[in-house]
Amino acid sequence: MIIRNDSSRKIVVDIFNAAVQAVDPYRLVTYHNNYISEAYNRDNCNRFYLISFGKAAYAMAKAIDDNIPDTITNGIVITKYNHAKGVLSNNIDIFEAGHPIPDKNGLVATRKVIDMLKNTDAKTFVLCLISGGGSALLTAPLNDITLSEKQQVTELLFKSGADINELNTVRKHISAIKGGRLAELAYPSRIISLILSDVIGDQLDVIASGPTSPDKTTYSDAIAVIEKYRIADMIPVRILKTLNEGVKGVFKDTPKIDDPVFERVENIIIGSNKIATEAAAKKANELGFDTTILTSQLKGDVREAAKWLAAEGLKMRDEKHKTKKKVCLVSGGETTVTVKGKGLGGRNMELALAFAHEIEGTEDITLVSAGTDGTDGPTNAAGAVVDGQTIKRAREKGLDPDAYLKNNDSYTFFKNTGELLITGSTGTNVMDIQVIVIT
């Protein structure tokens, strides 16, 4: 819901909703059910293990449970708190756990996954349903690393502004199950992974830290990320020791592309930000807009991204005045925030606030920036909706937008202005979507 509800705001939210609906995980998995059944029978398997993890894990697992329930021997679902919408068959266990910082529930659930994979052989079929958030939810620290230490390094990297590639490079090398190690544990099983991508470029080794994919990164790459953000002196000693010993060859690195553990593994991307942005553009066209997809790979510093999007919007606004057409600009991706303040917010709300600064005083530009999962940072909002009058209205209420931005407190700002977009959990996750309309 949005507290403010004028025409342009309703339009951008309708377009955003169309993007989310296009990547509905239940529908996308259901489309592949026949292929899964045929593969199971073709390979003469006698056991079917279901492992579903990520923010969309419940809906993805339900698509299998509703349509081919008799095939499933055992299953484990690990999703974010309040993301499981019901029960599944008795042979499928559901766990809710911490995200974006892993917690004990995720650790307990992942240990059950590892125990299940100990009973696999060449006649075992393993179906992995993977979605964004899997890196935090599927958690099993390597060697003697503790959960607390893993939580600490995850939070350090988040706050340092590391992007998802960098974050997952480190995660993979302190995990017993990520970076292809799930495939290693399940070898020689037949594995099919249906994957909802939440990373730019749909890189298999990055999505949920690539548990069934060959890993392109090394222990040395993980060390380089820590050095880049100058946080080595804050990293727990055991983690640094593991990474340094990995570089020296004391520990085997994550499996690479030529490793035989991947001989019977098939990774299939079934949903992505590109699909979502295309659906948004289609909806905008249906509403009579002249629509352009700017990119489905928006990344980098959130405030720089906001400046770029505002510049594109202002440029199209000037051109619109000549053509008299309604214009819609669509983008998607995942930006990063370097947290320096102590406020509450997320990258979408921070982008929206910075964007509002850039278009201050205009009359005809409206933007929504929101996470397709319905969550932006540690808040109950998906994002925010702003226009050229947002900053003016805020100041009239006695709010200082600059102070909120400096304190990374965009959630509180938009709560006060009535411009939060609150959708609740959408059950999917393909990064973020921005929709700009110029009317």
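Residues numbered from 1 in each chain as written. Predicted model: local features only at pLDDT ≥ 70, side-chain atom pairs only at ≥ 80, totals over all residues. Heavy atoms only, no water.

S.K.: Please set out the sheet that holds strand S9 (residues 365-371) residue by residue, giving values where relevant.
M.R.: Strand pairing in a sheet is mediated by backbone hydrogen bonds. Such pairs are either parallel or antiparallel. Spatially, 6 strands are ordered S7-S8-S12-S9-S10-S11 in an open sheet, and the strand pairing comes out mixed. Since the sheet does not close on itself, it has two edges, and those belong to strand S7 (290-298) and strand S11 (420-421), each with one partner. Across 2 bridges, the pairing between strand S10 (residues 383-387) and S11 is antiparallel. For alanine 384, the partnering residue across the bridge sits in S11 and is leucine 420. (Pairing = 2+ DSSP bridges. Helix = DSSP H or I, 4+ residues; strand = E, 2+ residues; numbered from the N terminus.)

S.K.: Let's hear about the pattern of salt bridges: which residues, and what values?
M.R.: Scanning the model with the defined rule gives 31 salt bridges in all. Salt-bridge contacts for aspartate 387 lead to arginine 9; the nearest nitrogen and oxygen are separated by 3.0 Å. Of this pair, aspartate 387 sits in strand S10 while arginine 9 sits in helix H1 (residues 7-22); the two residues are 378 residues apart in sequence, bridging distant segments of the chain. One salt bridge connects arginine 395 with glutamate 360, and the closest N-O pair in it is separated by 2.8 Å. With a gap of 35 residues between them, arginine 395 in helix H15 (residues 390-396) and glutamate 360 in the loop between helix H14 (347-358) and S9 connect regions that are remote in the sequence. Overall, the relative accessible area of 39% leaves arginine 395 in the partly exposed class. Members of the salt-bridge network, linked through shared partners, are Lys172, Asp205, Asp215, Asp253 and Lys256. (Salt bridge = Lys/Arg side-chain N within 4 Å of Asp/Glu carboxyl O. Buried < 20%, exposed > 50% of the residue type's maximum accessible area, 1.4 Å probe, protein only.)

S.K.: A description of the pairing of strand S8 (residues 327-333) should follow, citing residues and the corresponding values.
M.R.: Look at any regular strand and the pattern is simple: side chains alternate between the two faces of the sheet. Burial of S8 is extensive: 7 of the 7 residues sit out of reach of the surface. Here S8 shows a buried face lined by Val327, Leu329, Ser331 and Gly333 and a second buried face lined by Cys328, Val330 and Gly332. Across 6 bridges, the pairing between S7 and S8 is parallel. Bridge pairing in S8 links threonine 292 to leucine 329.

S.K.: Which residues make up the packing of aromatic side chains, and what are the values?
M.R.: Under the definition given, this model contains 5 aromatic pairs. Every member of this aromatic cluster is reached through a ring pair, and the members are Tyr40, Phe48 and Phe125. The cationic tip of lysine 326 hangs over the ring face of phenylalanine 289; the distance from NZ or CZ to the ring centre is 4.5 Å. (Phe/Tyr/Trp six-rings, centres within 6.5 Å; stacked < 30°, edge-to-face > 60°. Lys NZ or Arg CZ within 6 Å of the ring centre and 35° of its normal.)

S.K.: Can you lay out the sheet that holds strand S2 (residues 74-80) for me, pointing to particular residues and giving the numbers?
M.R.: Read across the sheet, 6 strands follow the order S3-S2-S1-S4-S5-S6 without closing on themselves; strand pairing throughout is parallel. Two strands close off the open sheet at either side, each with one partner strand: strand S3 (92-97) and strand S6 (265-271). Each adjacent strand pair in this sheet contributes to an overall mean axis angle of 15°, direction not counted. In this structure, strand S1 (residues 47-53) lies alongside strand S4 (residues 124-130), joined through 7 bridges in parallel fashion. Among the inter-strand pairings, serine 52 is bridged to a residue of S4, identified as leucine 129. Packing of helix H3 (residues 33-42) onto the sheet brings it into contact with S1, S4, strand S5 (190-196) and S6, and relative to S5 it is tilted by some 170°. The strands that helix H5 (residues 104-117) touches are S1, S2, S3 and S4; relative to S2, the one it contacts most, it runs at about 155°. (Axes fitted to C-alpha atoms, helices over the stretch in contact; angles between N-to-C directions. Contact = heavy atoms within 4.5 Å.)

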